[in-house]
Amino acid sequence: MEHHTFLGKSTLCVPRMGVGAMTWGDAKGLARLHPAKTAYGGAHGFDEEKRALELSIAAGVNLFDTAAMYSNGAAELRLGELARGKAVVIATKFPGGFSMKEEDLPKQLEASLKRLGRASIELYQHHYPMRNISIPKLMEQLANVVEAGKVKAVGVSNYSAEQMREAHAALAKLGIPLASNQVEYSLLNRAPEVNGVLDACRELGITLIAQTPLAGGKLTGKYSAQNRPGGFFRRILPQYNRKALEEMQPVIQLLREIGERYSKTPSQVALRWLIENPLVLPIPGAKNGKQAVDNAQALTFSLTAEQVEMLNQATMRWRV
Ligand SMILES: NC(=O)c1ccc[n+]([C@@H]2O[C@H](COP(=O)([O-])OP(=O)(O)OC[C@H]3O[C@@H](n4cnc5c(N)ncnc54)[C@H](OP(=O)(O)O)[C@@H]3O)[C@@H](O)[C@H]2O)c1
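Here is a short report on the structure shown in this document. All values reported here derive from a predicted model rather than from experimental measurement.

Rules used throughout
- Residues numbered from 1 in each chain as written.
- Predicted model: local features only at pLDDT ≥ 70, side-chain atom pairs only at ≥ 80, totals over all residues.
- Helix = DSSP H or I, 4+ residues; strand = E, 2+ residues; numbered from the N terminus.
- Contact = placed C-beta atoms within 7 Å.
- Pairing = 2+ DSSP bridges.
- Axes fitted to C-alpha atoms, helices over the stretch in contact; angles between N-to-C directions.
- Parallel < 35°, antiparallel > 145°, perpendicular 65-115°, else oblique.
- Near = placed C-beta within 6 Å.
- Nonpolar A, V, L, I, M, F, W, Y, C, P; charged D, E, K, R; others polar.
- Expected span 1.5 Å × (residues − 1).
- Buried ≥ 20, exposed ≤ 12 C-beta atoms within 10 Å, placed from the backbone.
- Arc of directions from axis to C-beta.

### Concerning the environment of Pro282
Argument step 1. In this structure, Pro282 sits in strand 10 (residues 280-282).
Argument step 2. Each C-alpha atom of the pair Pro282 and Arg272 lies 9.0 Å from the other, and the pair is ten residues apart in sequence.
Argument step 3. Apart from the residues lying within four places of it in its own chain, the contact partners of Pro282 are Met17, Ala210, Pro213, Leu271, Leu274 and Ile275.

Spelled out as C-alpha cells, the structure:
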C-alpha cells in the first residue's frame, strides 16, 4: 500500500500515519494540570521529544498533531521549536479556550502560528463542537484563512456524522473540501463504525484521523490487571480498570500471534489494522524516541484480509 495519501479531497499530501504530540512541552502553572499532561503523564522531556520527532521524520512519518489547548500552548511551542527548519506537516486545532466564538479564529490562528514559529500550517482543525460556535460561520472563518494562504487544509475533530455533513456542506459552498475528522478509533473503540462517522467519511471523501489509536497505551500489551498504567485519567477512568484490562487480554494475545508472523509488536499490528482502511490515518502518541520508532514500523508491513477479519471478530464487543 502507498505510504502517502492526500488528506480527504484536499491537496495536502500526508503519510498514512502521524505522531500525536499532545503530551509534549513544558507546561507552566495551571497548565501542568491540563489533561494533555495528567491523562497519561507527560512525555519524557526535551531530548526524548526531539528524538521522537527526528526519528519519526527519518522513518517517513512527518505529520505531527497538536492543539492550541494542549497544556495552554506549551505543546505547540515545543513542536514549533523542534520542527524549525524541518520538512514537516503540522496539524493543530482551534480554539485555545472554552469561551471562544467563531470570530476569534483569526487571532487564535495567529497565536498558534507564533507559538509554532511559522507563517502557515498544513491542517487547521476545529477541536470539538461547542454550543457557542456555529458550524457554518466557523467554516467561513476557516475558508478565509485558507484563502489568505495561512492554512492548507481544513479539518474538524470530535464531530458526529451530522456535524461533519453540516461542515462539509458549508465549506463546499465556498469551494473548499472538508479534509478530515479526528475522532477516537481503535480496536478497543470501534464506535466510528456504528455511529455513522466512518460511513460519512466514505461517502464524502473525508479522512478519519484516528486519535488515541493505541487505546491510551492498552494496545501495546504492556499493561494488565497486575501492571496498571500511570497517569490520573488512566487511574480513574473505567476503561483502564482491572476488569477492562483483563477483558482485553485475548485481543492482546491475538495481536501477539499475528505479530509473530511478521516480527511485529501488538501496537504495530493494532496500528496496521487501522492503516489497512485507506480512509483511516492513526496518530499514536509518542513520549520518547523508542515509542516513535516502534510506531512508525506499522508502515512497513501489511495484514491479510483474513487477519483483519480475525481482529474484527475478536473486538466485536468494542464495536458499540
Ligand atoms: N482531538 C481530540 O480531542 C484528541 C483527544 C485525544 C488525543 N488526541 C490526539 O491523538 C494523539 C494520540 O492519542 P493518545 O495519546 O490519547 O493515545 P494513544 O496514541 O492511544 O496512546 C499513547 C500512549 O501510549 C503509550 N505508547 C505509545 N506508543 C508506544 C509504544 N510504541 N510502546 C509502548 N508504549 C507506547 C504512551 O504512554 P505510556 O508510555 O505512558 O503508556 C503514549 O502516551 C494525541 O497525541 C493527540 O494528538 C486528540
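### With respect to the sheet that holds strand 8 (residues 178-184)
Argument step 1. On the basis of which strands lie adjacent, the open sheet formed by eight strands has the order 3-4-5-6-7-8-9-10 and parallel pairing. Two strands bound the open sheet, and with one partner strand each, they are strand 3 (19-20) and strand 10.
Argument step 2. Alignment of strand 9 (residues 207-211) against strand 10, held across three bridges, turns out to be parallel. Bridge pairing links Ile209 to Leu281 in strand 10.

### A look at the packing of helix 11 (residues 249-260) against helix 12 (residues 266-275)
Argument step 1. Where helix 11 contacts helix 12, the two axes come as close as 8 Å, and the packing angle between them is 90 degrees. Judged on the interaxial angle alone, helix 12 and helix 11 are roughly perpendicular. Contacts from Ile252, Leu255, Arg256, Ile258 and Gly259 in helix 11 reach Pro266, Gln268, Val269 and Ala270 in helix 12.

### Re the site of the ligand
Argument step 1. Contacts to the ligand come from 31 residues, most closely from Gly20, Met22, Leu214, Gly217 and Gly285.
Argument step 2. By residue number, the principal contributor to the shell around the ligand is helix 13 (residues 289-296), which donates three residues.
Argument step 3. Its residues placed into classes, the shell around the ligand shows eleven nonpolar, 16 polar and four charged.

### Re helix 6 (residues 161-173)
Argument step 1. For helix 6, which comprises 13 residues, the first-to-last C-alpha distance of 19 Å matches the rise-based estimate of 18 Å (1.5 Å per residue) to within 8%.
Argument step 2. Of all the residues in helix 6, the buried ones are Met164, Ala167, His168, Ala170 and Leu171. Looking straight down helix 6, one finds its buried side chains confined to an arc of 165 degrees; they lie on one side. Exposed residues on helix 6 whose side chains face more than 90 degrees from its buried face are Glu162 and Lys173.
Argument step 3. Turning to helix 6, the residues buried within the fold contact helix 5 (135-147), strand 7 (151-157), strand 8 and helix 8 (197-204).
Argument step 4. Just downstream of helix 6 lies Gly175, where phi reads positive at about 75 degrees.

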